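What follows is the residue order along each chain.
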Amino acid sequence: MPQTAPQRAAELRRLIDDANHRYHVLDEPAIPDAEYDRLLRELAALEAADPSLLTPDSPTLRVGDAPSGKFAAVQHAVPMLSLGNAFSDEEVAEFVARIVRETGEDAPVFSVEPKFDGLAISLRYEDGLFVRGATRGDGATGEDVTANLRTVKAIPLRLRDPDGAGVPAVLEVRGEVYMPRAGFEAYNAWALAHGAKPMANPRNGAAGSLRQLDPAVTAKRPLAFFAYSLGEVVGARLPATHSEALAWLRSLGLPVSPLVECATGLDGVLDYYRRIGAARDALPYDIDGVVYKLDSHELQADLGFVSRAPRWAIAHKFPAQEEATVVESIEVNVGRTGAVTPWVLMQPVHVGGVTVTRATLHNADQVARLDVRVGDSVIVRRAGDVIPEVVRVIPERRPEGTTPWRMPERCPACGSEIVREAGEVVARCSGELVCPAQRVQGLFHFASRRAMDIEGLGERLIQALVDFGQVQSIADLYRLGVDDFVEMKRRADERDGTTPETVKAGKVATKWAENLVAAIERSREATLERFLFALGIEHVGESTAKALAAWFGDLDRIRRAPWPLFKRVPDIGDEVARALGHFLDQPGNQAVIDALLAAGVRITDAHPPSPKLREGLTLAQLLADLGIPKLTPLRAKQLADAFPDAATLLDQEPHNFVIAGLPDEAAASIAGWLSDDANARLLLAAATMQAELLAALPEGEAAAGPLDGVTVVITGTLESMGRDEAKAKLEALGAKVSGSVSKKTGFLVAGAEAGSKLAKATELGIEVWDEARLLAFLEAQS
DNA sequence: GCACCTCGAGTTCC
DNA sequence: CTCGAGGTGC
């Protein structure tokens, strides 16, 4: 009896679905690809002829819906977790020991699985039907990529019900979408042949494919999926263990990695780590480690969470991938401070997912330690999985006739002598003001986001401005107009032989230059700390600039302050104070500041000096800060008690210092020091400035902030605000926000994807706040 | 004088 | 992220 169209459509769906399941879940393909395609086309034809036959779980939908425009936000019913990381056996041992300690289980059982290098997603099934899929996002909110996920054949559009017991009313499945290596390579071969952009690595390929606005594009990408955990479940009894949950998922038709096992205790998980590590290269997909999850759900619940990471699971990462390549040349860069940094140019090599061609060698000592020479084969890895680094050379592959590398004697940019101070590690170009490389870097720093934040003023344009003599100092930037920038870019393009598209089309684009001029205009309004940081004074980074601004409050006072006064600011000592003084002593630098002010740069947040300065504004403190030999703080105090002010002190005969209680040699030392005119002037100038600061101090005490004296560290990604914003808010309450966790850290604010800092805080027993706690705290303070 | 924190500076790739 | 070195407390 011939089938009706609805019957045939149902049968086709079953056949196609079955083929998918066998291929992706059971890993035993049953029908040839051509046969599969034929079934799919037949079903599509039936559905086209009679749209009522089209069901929401039809495999024909996998070809992709119409482009959606953008992705909607999806709240995860149960947050998607991140995992703590372990990079060594010792860290794993600590993890296991903690679990043994806290659960009382001598030999805890773990469910162990590879850590797939793809994109974490969540799939939602309602009454067995795939209704929504979302990216992980920040863990709480992801992006709706349902249409794209529908095209992934490994993802069932309808759950199976193997024993007829029914499927859960709601099932959220978490897992990883990844791109198999074979598919990745095939795609790149195709891309190369068709002029499309090849993918950097399978992981980026998977991520990029899922973020396609047009699902039809995603449908053509070779994506696959493994499920590894549960989210929200309604209408089913949860298995007691994670391994049983995975078996259940597999029975519902979801692909679960065949490499999942159970392992007992530390020995068990480490054995698994080594076996998977050995098999890693032979796997058809990339993995970057293995994951250990305490198997018992009951024990998991006992252990709970730290921030967003469960305390019952950990990712044991493989060591950073290392690769060999050949050194083509060793070059040097000249930085803003004149520091000459050697780096290697290498033949391109794939390491940890990206192509690497250069790596820094830091300094001459490092080059000597490694003994890197041009022509050497070297091992490269990505430190912390990001920054390329030369690990060592392969001595047996060294060609004949190489010689050790030597620091050039002259600066490649200006020809000045390169000098290395005794005891210093860095070599510096002595060209200072004449060196174009230092000038370019100084300008680049001035314009950088954390300084004056001039968007669009990139290194290449700055290089052209300097090379063609348009800009000598940072103040010159404020004289340039749209035409100047357009002309500079034209000449730079001409010189470098790069012709932009717009010129080929016969037009000259000026919009970017207008934006740039507007950005420069905006930068005329600056806070004192940004301005000080932007000047690029040696040893004055963001943090020091902020402290200086907070304590002195006013640019004019800082410009005129003799250097010993800078030591009143916490964390500024002799070296930094003298560097500041040296900078301000240069007439050229003062002229640049004058020129900036004349160009309309305005400090928007001038304020009186900090009341916290008050107790330091004494003659005793000043004498102690001057660095007079043999004058200890105690002796400085004796002098200050004996003489009312600096002028009186200068009038004294040496024996009066002895009368004041100083030992002979200290008295002689200070008398000798004061007899130098320059020293006497410094003392008087500093005393005068102290008086000026005292007079400018506001009445009363500094307002006490709730976080005064508390050091806070922020890590991970916050969803409600940027890190900078959180930092500013905490600082407004008196906290000191620092970058590294130590014993002194008051508490750590941990956002999503917190890494080593969270681990360190846990190790040190430092209080950890999640974002909700931070928000609640900020709310309570406002 | 030493140990321990921090900060500054330079850096890679997409 | 890493290294070097400045600042500070013991």
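Please refer to the structure placed before this passage.
Note that the structure is predicted; figures quoted are calculated from it, not measured.

Draft legend 1. Representation of the overall build of chain A within the structure. When its secondary structure is counted, chain A shows 30 helices and 26 strands. Expressed as a percentage of its 782 residues, the buried residues of chain A come to 44%. Taking the intrachain contacts of chain A between residues at least 6 apart in sequence as the baseline, contacts between residues at least 24 apart amount to 67%. Counting every atom, chain A has about 38200 Å² of accessible surface; 52% of that belongs to carbon and sulfur.

Draft legend 2. Region of the structure containing the side chain of Asp-376. Inspection of the secondary structure puts Asp-376 in the loop between α11 (364-370) and β17 (377-383). Of the polar contacts made by the side chain of Asp-376, one reaches the backbone nitrogen of Arg-373; its length is 2.8 Å. In this structure the side chain of Asp-376 is engaged in a polar contact, spanning 2.8 Å, whose partner is the side chain of Arg-398. In this structure, Asp-376 is in contact with Thr-325, Val-326, Val-327, Asp-371, Val-393, Arg-398 and Pro-399, ignoring residues within four places of it in sequence.

Draft legend 3. Seen up close, the environment of Asp-664. Looking at where Asp-664 falls in the secondary structure, it is placed in helix α26 (residues 664-675). With 10 residues separating them in the primary sequence, Asp-664 and Pro-654 have C-alpha atoms 9.1 Å apart.

Draft legend 4. Just the sheet that holds strand β4 (residues 119-126), in detail. Taken together, the four strands give an open sheet; going across it, the order is β5-β4-β7-β8, and neighbouring strands pair in antiparallel fashion. At either end of the open sheet lies a strand with only one pairing partner, and these are β5 (129-135) and β8 (224-234). On average, each strand axis in the sheet is inclined to that of its neighbour by 25 degrees, with strand direction left out of account. Across six bridges, the pairing between β4 and β5 is antiparallel. Bridge pairing in β5 places Leu-123 opposite Gly-133. This element, helix α8 (residues 242-251), spans β7 (170-178) and β8 of the sheet and lies at about 110 degrees to β8.

Draft legend 5. Main features of the sheet that holds strand β3 (residues 109-116). Pairing within the open sheet is mixed, and its five strands lie in the order β2-β13-β10-β3-β9. Across the chains shown, the open sheet's two edge strands, defined by having one partner strand only, are β2 (84-86) and β9 (261-264). The mean inter-strand angle of the sheet, taken between neighbouring strand axes irrespective of direction, is 35 degrees. Each of β3, β9 and β10 (287-294) touches α8; the most contacted strand, β3, lies at about 55 degrees to it. Sitting on the sheet, helix α9 (residues 265-279) touches β3, β9, β10 and β13 (313-317), and the angle it makes with β9 is about 135 degrees.

Draft legend 6. Looking closely at the pairing of strand β15 (residues 339-351). In this structure, strand β14 (residues 322-334) lies alongside β15, joined through seven bridges in antiparallel fashion. Along β15, the bridge assignment pairs Val-334 with Val-340. With antiparallel pairing between neighbouring strands as the criterion, β14 and β15 make up a hairpin whose turn holds four residues, including Gly-338 at a positive phi of roughly 90 degrees. Where β15 meets strand β20 (residues 427-429), two bridges bridge the pair, whose relative direction is antiparallel. Paired with Val-340 across the bridge in β20 is Ala-427. Sheet analysis places β15 next to strand β16 (residues 354-360), joined by six bridges and oriented antiparallel. Bridge pairing links His-350 to Thr-355 in β16.

Draft legend 7. Inspection of the packing of helix α13 (residues 459-467) against helix α14 (residues 482-496) at higher detail. Two numbers describe how α13 lies on α14: the axes approach to 9 Å, and their chain directions differ by 95 degrees. Relative to α14, the element α13 is oriented roughly perpendicular. Taking contact as the criterion, the partners of Arg-460, Leu-461, Gln-463, Ala-464, Leu-465 and Asp-467 in α13 are, on α14, Phe-485, Met-488, Lys-489, Ala-492, Asp-493, Arg-495 and Asp-496. Tallied by class, the residues present in the contact of α13 with α14 amount to six nonpolar, one polar and six charged.

Draft legend 8. Looking closely at the protein's contact with DNA strand C. Lining the immediate surroundings of DNA strand C are 13 residues, of which Val-425, Asp-571, Gly-573, Glu-575 and Val-576 lie closest. Sugar and phosphate atoms constitute 95% of the interface atoms of DNA strand C, taking the interface as everything within 4 Å of the protein. Between DNA strand C and the protein, one listed contact pairs a phosphate oxygen with a backbone N or O atom of Gly-573 at 2.6 Å. In terms of residue class, the surface near DNA strand C is built from five nonpolar, four polar and four charged.

Draft legend 9. Inspection of the protein's contact with DNA strand B at higher detail. Around DNA strand B, 26 residues are found, and the nearest of them are Thr-337, Gly-541, Thr-544, Lys-736 and Lys-743. Counting only atoms of DNA strand B within 4 Å of the protein, the fraction found in sugar and phosphate groups is 98%. In the model, a phosphate oxygen of DNA strand B is placed 3.2 Å from a nitrogen or oxygen of the Ser-543 main chain. Here a phosphate oxygen of DNA strand B sits 2.4 Å away from a polar atom, N or O, in the side chain of Thr-544. Listed by contribution, the elements that provide at least two residues to the surface near DNA strand B are β15, β16, β18 (387-393), α18 (542-552) and β24 (736-738). Ranked by the residues each element gives to the surface near DNA strand B, the list is headed by β16, at six residues. Residues of the surface near DNA strand B, tallied by class, amount to five nonpolar, 14 polar and seven charged.

Draft legend 10. Structural context of the pattern of salt bridges. This structure, assessed with the given rule, holds 33 salt bridges. Glu-487 is the partner of Arg-490 in a salt bridge, and the nearest nitrogen-oxygen pair spans 3.1 Å. Here Arg-490 pairs with Glu-487, and both are found in helix α14, just three residues apart, close to one helical turn. Assessed through its relative accessible area of 42%, Arg-490 is described here as partly exposed. Via salt bridges that share partners, Arg-124, Glu-126, Glu-172, Arg-174 and Glu-232 belong to a single interconnected network.

Draft legend 11. Structural detail: helix α27 (residues 677-696). End to end, α27 covers 29 Å across 20 residues, agreeing with the expected 28 Å (1.5 Å per residue, within 8%). Along α27, the positions that sit buried rather than exposed are Asn-679, Ala-680, Leu-682, Leu-683, Ala-686, Met-689, Gln-690 and Leu-693. In this structure, the buried residues of α27 make contact with α18, α19 (555-560), α22 (619-625), α24 (646-650) and α26. Between the side-chain oxygen of the N-cap and the backbone nitrogen of Ala-678 there are 2.8 Å, and the N-cap of α27 in question is Asp-676.

Draft legend 12. Layout of unusual backbone geometry. The phi torsion at Asp-371 lies on the positive side, around 50 degrees, for a residue other than glycine. Of note, Asp-371 is situated in the loop between α11 and β17. The backbone of Asp-453 shows a phi angle near 55 degrees, a positive value even though the residue is not glycine. Counting through the fold element by element, Asp-453 comes out in the loop between α12 (436-447) and α13. On the basis of relative accessible area, Asp-453 is assigned to the partly exposed category, the value being 38%.

Draft legend 13. Representation of the nonpolar core within the structure. Residues Leu-457, Phe-552, Phe-566, Leu-596 and Phe-657 are the most contacted members of the largest nonpolar core, which totals 87 residues. Leave out the neighbours within four places in its chain, and Leu-596 touches Phe-446, Ile-474, Ala-475, Tyr-478, Phe-531, Leu-535 and Val-601. Grouped together as the second largest cluster of nonpolar side chains are 32 residues, Val-92, Phe-95, Leu-299 and Phe-318 included.

Draft legend 14. Focus on the state of the cysteines. If you walk through the whole model with that rule in mind, you get zero disulfides. This cysteine, Cys-411, is not joined by any disulfide, and Cys-429 carries the nearest cysteine sulfur, 3.6 Å off. Using a relative accessible area of 3% as the deciding quantity, one classes Cys-429 as buried.

The rules behind these values
Residues numbered from 1 in each chain as written. Chains lettered and ligands numbered in written order. Predicted model: local features only at pLDDT ≥ 70, side-chain atom pairs only at ≥ 80, totals over all residues. Heavy atoms only, no water. Helix = DSSP H or I, 4+ residues; strand = E, 2+ residues; numbered from the N terminus. Buried < 20%, exposed > 50% of the residue type's maximum accessible area, 1.4 Å probe, protein only. Contact = heavy atoms within 4.5 Å. Areas by Shrake-Rupley, 256 points an atom, 1.4 Å probe, with all protein chains shown as cover. Polar contact = N/O pair within 3.5 Å; in protein donor to acceptor, adjacent residues only side chain to side chain. Pairing = 2+ DSSP bridges. Axes fitted to C-alpha atoms, helices over the stretch in contact; angles between N-to-C directions. Parallel < 35°, antiparallel > 145°, perpendicular 65-115°, else oblique. Nonpolar A, V, L, I, M, F, W, Y, C, P; charged D, E, K, R; others polar. Near = heavy atom within 4 Å. Salt bridge = Lys/Arg side-chain N within 4 Å of Asp/Glu carboxyl O. Expected span 1.5 Å × (residues − 1). Core = buried A, V, L, I, M, F, W, Y, C linked by side-chain atoms within 4.5 Å. Disulfide = S-S within 2.5 Å.

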